[in-house]
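An overview of the molecular structure
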Amino acid sequence: MHHVFISMDPGIDDALALLIALKCKNIKIEGISASYGNAPLEDTFRNSRDILSMFDREDIKVYKGAKKPLVDQPRFPGDVHGKNGINELQIPSSKAPVEKKDSFDAIYSAAKRLKGELELVMLGPSTDFALLYLRYPDITKYIKKIYIMGGALLGGNRSPQAEFNIFADPVSSEMLFDSNIKIYMFPLDVTMSSFFTEEELQEIIKTDNKAGRFIGDLTTNIMDFYLTHTGKKYFYFHDGCPLIYLENPSLFKGYNCTVKVESYGKLTYGKTICDLDSDIKFAGKKNAKVFLQVKREEFFSFCKDKFSSY
């Protein structure tokens with residue numbers, strides 16, 4: 001059983017990833033940290049709570065995480081996810097009590113209670129981890145592993161060199177990779193192969209259950225965005241990858257290596273640099289397992305089964 005605390009910034013693919021996690025037998029969600037990222041914090045906090053309420057899981061607590069990067073200003077991709085993060089949908093408000101403490105105290109408490117078995121799943125910027133570490137430097141003793149959707153070996157999407165989640169806060173990402181906690185990294189190199197075709201997405205929507213209808217409403221515009229920017233009308237399920245791996249690791253293939261983050265470069269700001277294919281390796285212990293391959297058809301079948309089970 002994976003005891004996870006999810007840092008997320010819903011976000012269309014974050015929302016779908018959460019629906020997957022709720023149906024995974026090997027995942028126990030200990031809490032959610034809502035972070036800025038795909039939308040401002042107030043929106044992502046509300047979205048996280050309301051999605052859980054919609055699917056009758058108000059037992060999972062949502063806490064506020066980071067509001068902005070450590071040393072920069074947030075850049076919200078309203079052109080991708082809509083200004084509120086979920087394609088401008090207005091969904092019923094959660095009636096769950098609003099948590100007063102922030103996510104950093106909540107994560108630390110859960111990590112100590114679980115005595116080193118807690119795993120972080122980070123689907124947004126790395127700022128949540130950086131603020132947690134700055135408040136509780138000994139957190140590295142209590143986190144078992146960290147799974148991230150972020151980075152790119154070959155190219156970016158928010159800049160020619162940087163993926164959005166890392167680009168959002170490279171300083172925090174640098175702290176994450178230097179933390180001595182083993183990182184399981186799902187970069188664009190694999191998430192851009194983890195897609196649904198337009199026809200496959202329609203299969204999910206036509207299930208016509210609560211999840212299918214919600215997914216249909218969420219994805220009405222993002223497919224056109226991807227068509228414009230990639231030339232293919234696919235739904236790229238970036239944020240689903242780390243959680244799907246926890247339930248079915250056989251779908252992915254990864255490689256142990258060392259990853260560093262460029263936090264100062266003018267053209268390479270936010271670039272993740274990996275020594276996997278270089279003749280000369282970074283010194284010291286390898287800090288990451290980087291996933292580069294996915295069994296795409298089986299990936300889709302797995303997702304379809306989970307969404308159909310609602």
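Please refer to the structure placed before this passage.
Please read these numbers as outputs of a predicted model, since none were measured by experiment.

Calculation rules
Residues numbered from 1 in each chain as written. Predicted model: local features only at pLDDT ≥ 70, side-chain atom pairs only at ≥ 80, totals over all residues. Heavy atoms only, no water. Helix = DSSP H or I, 4+ residues; strand = E, 2+ residues; numbered from the N terminus. Rg over C-alpha atoms; globule rule 2.2 N^0.38 Å. Buried < 20%, exposed > 50% of the residue type's maximum accessible area, 1.4 Å probe, protein only. Contact = heavy atoms within 4.5 Å. Areas by Shrake-Rupley, 256 points an atom, 1.4 Å probe, with all protein chains shown as cover. Pairing = 2+ DSSP bridges. Axes fitted to C-alpha atoms, helices over the stretch in contact; angles between N-to-C directions. Parallel < 35°, antiparallel > 145°, perpendicular 65-115°, else oblique. Nonpolar A, V, L, I, M, F, W, Y, C, P; charged D, E, K, R; others polar. Disulfide = S-S within 2.5 Å. Right-handed = clockwise from strand over helix to strand, strands pointing away. Core = buried A, V, L, I, M, F, W, Y, C linked by side-chain atoms within 4.5 Å. Polar contact = N/O pair within 3.5 Å; in protein donor to acceptor, adjacent residues only side chain to side chain.

1. Digging into the overall build of the chain
- Secondary structure assignment for the chain yields 13 helices and 12 strands.
- Taken over C-alpha atoms, the radius of gyration comes to 18 Å for the chain, in line with the 19 Å a tight globule of 310 residues would show.
- Taken along its principal axes, the extent of the C-alpha atoms in the chain is 55 × 45 × 35 Å.
- Of all 310 residues assigned to the chain, the portion counted as buried reaches 58%.
- Contacts spanning at least 24 positions in sequence make up 82% of the contacts within the chain whose residues lie at least 6 apart.
- By element, 50% of the accessible surface of the chain is carried by carbon and sulfur atoms, the whole surface being about 13200 Å².

2. Digging into the environment of Phe-196
- In this structure, Phe-196 sits in strand E7 (residues 195-197).
- As a C-alpha pair, Phe-196 and Ser-173 span 23 residues in sequence and 29 Å in three-dimensional space.
- Each residue touching Phe-196, except ones within four places of it in the same chain, is listed here: Leu-201, Ile-204, Tyr-234, Phe-235, Phe-237, Arg-296, Phe-299, Phe-300, Cys-303 and Phe-307.

3. Quick look at the sheet that holds strand E9 (residues 252-257)
- Spatially, E3-E2-E1-E4-E5-E6-E12-E9 is the arrangement adopted by the 8 strands of the open sheet, whose pairing is mixed. Each having just a single partner strand, strand E3 (62-64) and E9 make up the two edges of the open sheet. Strand-to-strand twist of the sheet, defined as the mean angle between neighbouring strand axes without regard to direction, takes the value 25 degrees.
- Across 6 bridges, E9 lies against strand E12 (residues 288-294) in antiparallel orientation. Each residue of the ladder has a partner; that of Lys-253, found in E12, is Gln-293.

4. With respect to the packing of helix H1 (residues 12-22) against helix H10 (residues 210-218)
- Where H1 contacts H10, the two axes come as close as 10 Å, and the packing angle between them is 170 degrees. Here H1 is positioned roughly antiparallel relative to H10, judged by the angle of their axes. In contact with Ile-12, Ala-15, Leu-16 and Leu-19 of H1, H10 contributes Ala-211, Phe-214, Ile-215 and Leu-218.
- Partitioned by chemical class, the residues of the contact of H1 with H10 number 8 nonpolar, no polar and no charged.

5. Side note on the state of the cysteines
- All told, the structure shown has 0 disulfides when counted by the stated rule.
- We note that Cys-241 lacks a disulfide partner, and the nearest cysteine sulfur, in Cys-303, lies 8.1 Å from it.

6. Comments concerning the pairing of strand E2 (residues 27-34)
- E2 sits mainly inside the fold: 7 of its 8 residues count as buried.
- Sheet topology note: the strand E1 (residues 2-8)/E2 ladder contains 7 bridges and is parallel. Looking at the pairing, His-3 lines up with Lys-28 of E2.
- Each parallel crossover has a hand, and for E1 linked through H1 to E2 it is right-handed.
- Taken together, the 3 bridges between E2 and E3 define a ladder with parallel strand orientation. Bridged to Ile-32 within E3 is Val-62.
- In this fold, E2 hands off to helix H2 (residues 41-54), which returns the chain to E3; that crossover is right-handed.

7. A word on the nonpolar core
- Core analysis: the largest hydrophobic core is formed by 67 residues, its most contacted members being Ile-29, Phe-196, Phe-237, Phe-252 and Phe-307.
- Counting residues per element, this core draws most heavily on H1, at 9 residues.
- Judged by nonpolar contacts, the second largest core, of 32 residues, contains Leu-114, Ile-139, Ile-148 and Val-290.

8. Focus on the pairing of strand E5 (residues 143-149)
- Counted residue by residue, E5 has 5 buried out of 7 residues, so it is predominantly covered.
- Pairing between strand E4 (residues 118-122) and E5: 5 bridges, direction parallel. Residue pairing across strands places Met-122 opposite Ile-148, the latter belonging to E5.
- Taken together, the 4 bridges between E5 and strand E6 (residues 183-186) define a ladder with parallel strand orientation. Residue pairing in the sheet places Ile-148 in a bridge with Met-185 of E6.

9. Looking at the environment of Thr-230
- Considering the arrangement of structural elements, one finds Thr-230 in helix H11 (residues 222-230).
- Exposure remark for Thr-230: the relative accessible area of 33% places this residue in the partly exposed category.
- In sequence terms Thr-230 and Ser-33 are 197 residues apart; their C-alpha atoms lie 31 Å from each other.
- Other than its neighbours up to four places away in sequence, Thr-230 contacts Met-192 and Tyr-236.
- Here the side chain of Thr-230 touches Tyr-226 through a polar contact of 2.6 Å, landing on its backbone oxygen.
- At 3.4 Å, the side chain of Thr-230 forms a polar contact with the side chain of Tyr-236.

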